[in-house]
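Given next are the chains, with one letter for each unit.
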Amino acid sequence: MASLSLKHIYKIYPNGFEAVKDFNLEIEDKEFIIFVGPSGCGKSTTLRMIAGLEDISDGEFMIDGKIMNDVEPKDRDIAMVFQNYALYPHMTVRDNMAFGLKLRKTPKHEIKKKVGDASTILDLSELLDRKPVALSGGQRQRVAMGRAIVREPKVFLMDEPLSNLDAKLRVQMRTEISALHQRLGATIIYVTHDQTEAMTLGTRIVVMKDGVIQQVASPRDLYNKP
Ligand code: ADP
Ligand code: ADP
């Protein structure tokens, strides 16, 4: 279970720039929310505030009714997948996937089982001893995804996770992300510039511009207007 509530959220960077202004959104459990909007409109800033990587300047952010503004990122039960994968180059696939669990002092046998399960789901079982440099782009993106799902978070944040992949892999990974959403029963917020991704994955689409929500709509209402 994870419903998210964002009320009157603002982000003012130290230089005074207002990147997010009066952001209001109620997200239901298991929704797949898409953020779209031009570069610089505040999508990543909003995700980073939700993940706890960036302070919220004003407003209230809740998960399942609990105020999260001051909760440490590692205690938020949220996993984030970035565009650039952010894998540790000196670690194997196995260690990359296990890293977050080790950080949380998860018992060894449990780590082994979770990494095993995730690598089966993501077709990474044969690659566990490799380092990122020896993987293709699609495989690296799968490892980044694996590192997120081993934690079984209630909330997934994905910041243009497929934008560095070629067209064929994008289609394949899009299907996999959809299946993962079903299988994990997680609540997902997903940033993309790709209209097909937004249409096929999203339950609702949030359109942002200049730090403000312009529109919240279903994919059908947004893209299939008569
Ligand atoms: P998007 O993800 O929609 O491309 P961002 O959230 O990354 O947009 O950025 C929103 C705006 O905030 C941009 O104008 C960006 O330059 C600005 N910004 C991002 N990070 C900082 C920062 N640390 N300090 C000042 N301004 C920032
Ligand atoms: P994105 O792909 O999210 O738009 P950016 O290239 O805008 O990423 O930002 C990359 C990094 O630089 C982020 O950590 C962001 O906080 C920081 N940043 C972006 N714009 C500014 C800015 N105007 N001043 C300071 N830092 C910034």
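What you are looking at is a predicted structure, and each value in this text was computed from that prediction instead of being measured.

Scoring rules and cut-offs
- Residues numbered from 1 in each chain as written.
- Chains lettered and ligands numbered in written order.
- Predicted model: local features only at pLDDT ≥ 70, side-chain atom pairs only at ≥ 80, totals over all residues.
- Heavy atoms only, no water.
- Helix = DSSP H or I, 4+ residues; strand = E, 2+ residues; numbered from the N terminus.
- Rg over C-alpha atoms; globule rule 2.2 N^0.38 Å.
- Buried < 20%, exposed > 50% of the residue type's maximum accessible area, 1.4 Å probe, protein only.
- Contact = heavy atoms within 4.5 Å.
- Areas by Shrake-Rupley, 256 points an atom, 1.4 Å probe, with all protein chains shown as cover.
- Lys, Arg positive; Asp, Glu negative; His and termini not counted.
- Charge placed at Lys NZ, Arg CZ, Asp CG, Glu CD.
- Pairing = 2+ DSSP bridges.
- Axes fitted to C-alpha atoms, helices over the stretch in contact; angles between N-to-C directions.
- Salt bridge = Lys/Arg side-chain N within 4 Å of Asp/Glu carboxyl O.
- Near = heavy atom within 4 Å.
- Polar contact = N/O pair within 3.5 Å; in protein donor to acceptor, adjacent residues only side chain to side chain.

S.K.: What exactly am I supposed to notice about the overall build of the chain here?
M.R.: Broken down by element type, the chain carries seven helices and ten strands. For 226 residues, the compact-globule estimate of 2.2 N^0.38 gives 17 Å, and the C-alpha radius of gyration of the chain, at 17 Å, lies within 12% of that figure. Counting only C-alpha atoms, the chain reaches 45 × 45 × 35 Å along its principal axes. The burial tally for the chain puts 48% of its 226 residues in the buried class. Restricting to contacts in the chain with at least 6 residues of sequence separation, those with at least 24 account for 68%. Total accessible area on the chain is roughly 11300 Å²; 50% of this is exposed by carbon and sulfur atoms. Across the chain, the mean location of the 32 positive side-chain charges is 5 Å away from that of the 30 negative side-chain charges.

S.K.: Help me understand the environment of K114 in this model?
M.R.: Mapped onto the fold, K114 is located in helix α3 (residues 108-121). When the C-alpha positions of K114 and R151 are compared, they lie 8.1 Å apart, and in sequence the two are 37 residues distant. Apart from the residues lying within four places of it in its own chain, the contact partners of K114 are L101, V150 and E152.

S.K.: Is there a simple way to explain unusual backbone geometry in this structure?
M.R.: Here D22, not a glycine, exhibits a phi torsion of approximately 45 degrees, which is positive. Secondary-structure assignment places D22 in strand β2 (residues 18-27).

S.K.: Can you help me understand the sheet that holds strand β9 (residues 204-209) in this one?
M.R.: Within a sheet, each strand pairs with its neighbour through backbone hydrogen bonds, oriented either parallel or antiparallel. Taken together, six strands build an open sheet; the order of strands is β6-β7-β8-β3-β9-β10 and the sheet is mixed. Every other strand in the sheet has two partners, leaving β6 (78-81) and β10 (212-217) as the edge strands with one partner each. Taken pair by pair, the neighbouring strands of this sheet meet at an average axis angle of 20 degrees, ignoring direction. With four bridges joining them, strand β3 (residues 32-36) and β9 adopt parallel strand pairing. Bridged to F35 within β9 is V206. On the sheet, helix α4 (residues 137-149) packs against β6 and β7 (155-159) and is oriented at approximately 175 degrees with respect to β6.

S.K.: Help me understand the pairing of β3 in this model?
M.R.: A regular strand places its side chains so that they alternate between the two faces of the sheet. Of all the five residues making up β3, five are buried; the element is thus mostly covered by neighbouring parts of the structure. Residues F32, I34 and V36 point to one face of β3 and I33 and F35 to the other, with burial holding for every one of them.

S.K.: In this structure, what is going on with the pattern of salt bridges? I would like to understand it.
M.R.: In a structure, side chains of opposite charge can pair up when their charged atoms sit close to one another. Under the defined criterion, the tally for this structure stands at 13 salt bridges. For E110, the salt bridge goes to K114, with nearest N and O atoms at 3.8 Å. Here the residue E110 and the residue K114 both occupy positions in helix α3, the gap between them amounting to four residues, near one helical turn. Salt-bridge contacts for E152 lead to K114; the nearest nitrogen and oxygen are separated by 3.7 Å. Residue E152 is located in the loop between α4 and β7, and its partner K114 is located in helix α3; the two are separated by 38 residues in the primary sequence. Each of K11, R48 and E54 takes part in a single network of salt bridges with overlapping partners.

S.K.: Help me understand the side chain of N96 in this model?
M.R.: Position of N96 relative to the elements: it lies in helix α2 (residues 93-103). Each residue touching N96, except ones within four places of it in the same chain, is listed here: L87, Y88, M91, P132, V143 and R147.

S.K.: In this structure, what is going on with the site of ligand 1? I would like to understand it.
M.R.: As a matter of local geometry, ligand 1 sits amid 13 residues, with G40, G42, K43, S44 and T45 nearest to it. Separating an oxygen atom of ligand 1 from a side-chain N or O atom of K43 is a distance of 2.9 Å. Between S44 and ligand 1, the recorded distance is 2.7 Å, taken from a side-chain N or O atom to an oxygen atom. Calculation on ligand 1 without its partners gives an accessible area of 560 Å², and the protein chains cover 66% of this total.

S.K.: Explain the pairing of β2 to me, please; I cannot follow it from the model alone.
M.R.: Of the pairings in the sheet, the one linking strand β1 (residues 4-12) to β2 comprises six bridges and is antiparallel in character. Following the sheet pairing, L6 is matched in β2 by L25. The antiparallel pairing of β1 with β2 creates a hairpin that spans five residues between the two strands, and G16 there sits at a positive phi of about 95 degrees.

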